[in-house]
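Chain and residue survey
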Amino acid sequence: EKGTYPHYMLKEIDEQPLVMRKIVQNYQDENGALEVDSDIVKAMNNADRIYIIAAGTSYHAGLVGKQFIEKLAEIPVEVHISSEFGYNMPLLSQKPLFVFISQSGETADSRQVLVQVKEMGHKALTITNVAGSTLSREADYTLLLHAGPEIAVASTKAYTAQLAVLAILADVTAKSRGINAEFDLVQELGIVANAMEVLCDAKEDFESIAREYLAVTRNCFFIGRGIDFYVGLEGALKLKEISYIQAEGFAGGELKHGTIALIEEGTPVIAIATQDFVNLSIRGNVKEVAARGANPCIISMEGLEMDGDRFVIPEVNSLLTPLISVIPMQLISYYAALHRDCDVDKPRNLAKSVTVE
Ligand code: F6R
């Protein structure tokens with residue numbers, strides 16, 4: 001039930017700190033160390049390459065998950081859109097492991113790929129919010145999100161839950177391979193949960209950003225580099241689906257190769273800057289669009305902030321920033337939809353789970 005909340009989406013955004021803590025608890029052993037079913041860790045270690053298959057928001061989580069697995073566990077990862085993969089299969093490695101990411105566990109596009117790769121004799125892991133869902137039943141292994149039911153069509157807490165579970169999977173796999181993590185993930189996810197709380201308490205700031213930048217605009221760009229780019233893709237999808245504003249997520253450096261032609265006087269460009277090593281380059285990209293009349297809105301992170309940034313998120317581990325930088329995206333989209341009188345929980349043309357191809 002949504003209780004005192006006007007919309008499920010807002011309730012689910014607010015649940016994220018709690019979900020983080022629940023996920024950590026669910027994946028801790030009696031000594032407090034993170035653990036994942038040993039068969040799954042074995043399957044990860046047996047693989048020479050991991051193929052993540054997903055759609056929509058879950059695909060965006062997969063893009064970040066690739067960073068987690070490659071950086072922590074040092075296993076190569078490819079991320080594919082499920083509706084493309086079936087008929088456009090890349091040349092597979094010798095020992096692939098397929099990882100399906102699906103909140104509902106019912107997405108037909110993903111299921112079709114699962115059936116296909118099982119027929120080919122490959123192993124599959126499903127990361128889902130729904131125990132007993134089709135993708136869970138038909139895969140060899142399942143990891144649950146423990147996010148609680150997600151009712152709003154726009155996915156929010158499932159995305160951050162997917163990232164947390166992917167980080168845990170990567171971390172536990174890394175340890176099993178003798179790779180020493182530079183951080184204690186339990187502690188880092190605790191810091192993430194606290195940071196999420198700070199952001200959920202800053203709703204007025206996001207409401208005012210939405211009013212200032214998005215109340216009347218026709219379109220909007222989200223830019224970032226590296227994992228900030230992937231969060232930008234998710235920000236654009238959130239904004240499109242609930243506010244019907246044409247939005248596009250772009251790699252900061254790629255905009256100038258054509259798309260910058262769309263920048264007009266007042267076009268909102270939301271820039272995400274949470275990564276030290278590209279902080280100056282993304283800010284250079286902001287200057288490029290500002291010089292062409294764009295109305296930039298920079299969301300940066302403590303320690304990297306500069307004069308004129310519109311919002312500064314609390315500092316978290318640099319690999320885990322998508323878990324919190326996405327919350328401004330969710331809340332800005334939510335308030336933009338309200339300002340434009342859209343049906344937040346049930347956007348037009350959409351269903352919660354897409355069971356047709
Ligand atoms: C976006 C959204 C969709 C889903 C996509 C995959 O907010 O909800 O893009 O993420 O349809 O759904 P699942 O994760 O259930 O496979």
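Residues numbered from 1 in each chain as written. Predicted model: local features only at pLDDT ≥ 70, side-chain atom pairs only at ≥ 80, totals over all residues. Heavy atoms only, no water.

- An unreviewed UniProt entry lists the protein under the name Glutamine--fructose-6-phosphate aminotransferase [isomerizing], with Mesobacillus campisalis as the source organism.
- Annotation of the protein in UniProt includes, under Subcellular location (unreviewed entry), the sentence "Cytoplasm".
- On record in UniProt, under Subunit (unreviewed entry), the comment for the protein is "Homodimer." (UniProt positions renumbered as here; feature names shortened; annotations may be inferred.)

**What to know about the packing of helix α9 (residues 185-200) against helix α13 (residues 322-339)**
- Where α9 contacts α13, the two axes come as close as 9 Å, and the packing angle between them is 20°. Classified by the angle their axes make, α9 and α13 are roughly parallel. In terms of crossing hand, the pair formed by α9 and α13 is right-handed. In this structure, α9 uses Leu189, Val192, Ala195, Met196 and Leu199 to contact α13, whose residues at the interface are Leu323, Ile324, Ile327, Pro328 and Leu331.
- For the contact of α9 with α13, a count of residues per class yields 10 nonpolar, no polar and no charged. (Axes fitted to C-alpha atoms, helices over the stretch in contact; angles between N-to-C directions. Helix = DSSP H or I, 4+ residues; strand = E, 2+ residues; numbered from the N terminus. Parallel < 35°, antiparallel > 145°, perpendicular 65-115°, else oblique. Left-handed = near helix turned anticlockwise from the far one by under 90°. Contact = heavy atoms within 4.5 Å. Nonpolar A, V, L, I, M, F, W, Y, C, P; charged D, E, K, R; others polar.)

**What to know about the state of the cysteines**
- Summed over all chains, the structure comprises 0 disulfides.
- Counting only cysteine sulfurs, Cys297 is the nearest neighbor of Cys200, a cysteine outside any disulfide, at a range of 18 Å.
- Using a relative accessible area of 7% as the deciding quantity, one classes Cys200 as buried.
- No disulfide involves Cys297; its nearest neighbouring cysteine sulfur is the one of Cys220, lying 8.4 Å away.
- Accessibility expressed as a relative area gives 0% for Cys297, which makes it buried. (Disulfide = S-S within 2.5 Å. Buried < 20%, exposed > 50% of the residue type's maximum accessible area, 1.4 Å probe, protein only.)

**Considerations on the site of the ligand**
- Around the ligand there are 14 residues in total, and Ser58, Ser102, Ser104, Thr107 and Glu241 lie nearest to it.
- Measuring from an oxygen atom of the ligand, one finds a side-chain N or O atom of Glu241 at 2.4 Å.
- About the coverage of the ligand: the protein hides 89% of its 410 Å² of free accessible area.
- Spatially, the ligand is embedded in the largest pocket.
- Looking at the shell around the ligand, the elements with two or more residues in it are α4 (56-73) and α11 (227-243).
- Here the residues of the shell around the ligand sort into 4 nonpolar, 8 polar and 2 charged. (Near = heavy atom within 4 Å. Polar contact = N/O pair within 3.5 Å; in protein donor to acceptor, adjacent residues only side chain to side chain. Areas by Shrake-Rupley, 256 points an atom, 1.4 Å probe, with all protein chains shown as cover. 1 Å grid on protein atoms, 1.4 Å probe; cavity = no way out; pocket = protein on both sides within 12 Å on 5 of 7 lines; lining within 4 Å. Sits in = over half its atoms within 2 Å of the grid points.)

**Concerning the sheet that holds strand β10 (residues 311-313)**
- Pairing in this open sheet of 5 strands is parallel, and the strands run β7-β6-β8-β9-β10 from one edge to the other. Bordering the open sheet on either side are β7 (246-251) and β10, each of which pairs with just one other strand. Each strand of the sheet is rotated relative to its neighbour by a mean of 20°, with strand direction disregarded.
- Relative to strand β9 (residues 295-301), strand β8 (residues 268-273) is paired through 6 bridges, and the arrangement is parallel. By the bridge assignment for β9, Ile270 is matched with Cys297. (Pairing = 2+ DSSP bridges.)

**Focus: the pairing of strand β4 (residues 123-128)**
- Across the 6 residues of β4, 5 count as buried, placing the element largely inside the fold.
- Sheet topology places strand β3 (residues 96-102) next to β4; 6 bridges connect them, and they run parallel. Paired with Phe98 across the two strands is Ala124, which belongs to β4.
- What joins β3 to β4 is helix α6 (residues 108-119), and the crossover it makes is right-handed. (Right-handed = clockwise from strand over helix to strand, strands pointing away.)

**Let's talk about helix α8 (residues 157-176)**
- If you check α8, its first and last C-alpha atoms are 29 Å apart, about what 20 residues at 1.5 Å a residue would give, namely 28 Å.
- With 18 of 20 residues buried, α8 is to be regarded as a mostly interior element.
- After α8 finishes, the residue Gly178 shows a positive phi value of roughly 75°. (Expected span 1.5 Å × (residues − 1).)

**A few points about the packing of aromatic side chains**
- For the structure shown, the criterion picks out 5 aromatic pairs.
- Between the aromatic rings of Phe206 and Phe311, the centroid separation amounts to 4.6 Å while the plane-to-plane angle is 50°, which identifies the pairing as tilted. Residue Phe206 is found in helix α10 (residues 203-214), and its partner Phe311 is found in strand β10; the two are separated by 105 residues along the sequence.
- Residue classification places Phe206 among the buried positions, given a relative accessible area of 0%.
- Following the ring pairs from residue to residue traces out a cluster consisting of Tyr51, Phe85 and Phe98.
- Between the NZ or CZ atom of Arg348 and the centre of the ring of Tyr244, over which it lies, the distance is 3.8 Å. (Phe/Tyr/Trp six-rings, centres within 6.5 Å; stacked < 30°, edge-to-face > 60°. Lys NZ or Arg CZ within 6 Å of the ring centre and 35° of its normal.)

**Brief notes about the sheet that holds strand β2 (residues 77-81)**
- Across the sheet, which stays open at both edges, the 5 strands sit in the order β2-β1-β3-β4-β5 with parallel pairing between neighbours. Two strands close off the open sheet at either side, each with one partner strand: β2 and β5 (141-144). Between one strand axis and the next, the sheet turns through 20° on average, direction left out of account.
- Direction of pairing for β4 relative to β5: parallel, over a ladder of 4 bridges. Among the inter-strand pairings, Ile127 is bridged to a residue of β5, identified as Leu143.
- Packing of helix α3 (residues 38-46) onto the sheet brings it into contact with β1 (49-54), β3, β4 and β5, and relative to β5 it is tilted by some 115°.

**Some details on the layout of surface pockets**
- In this structure, the largest pocket encloses a volume near 460 Å³.
- Lining the largest pocket are 22 residues, with Ala55, Gly56, Thr57, Lys352 and Val354 sitting closest to its centre.
- Counting residues per element, the ones that place at least two in the lining of the largest pocket are α4, β3, α6 and α11.
- Ranked by residue count, the leading element in the lining of the largest pocket is α4, at 3 residues.
- Its residues assigned to classes, the lining of the largest pocket comprises 8 nonpolar, 10 polar and 4 charged. (Points joined across faces, edges and corners; volume = space filled by probe spheres on them.)

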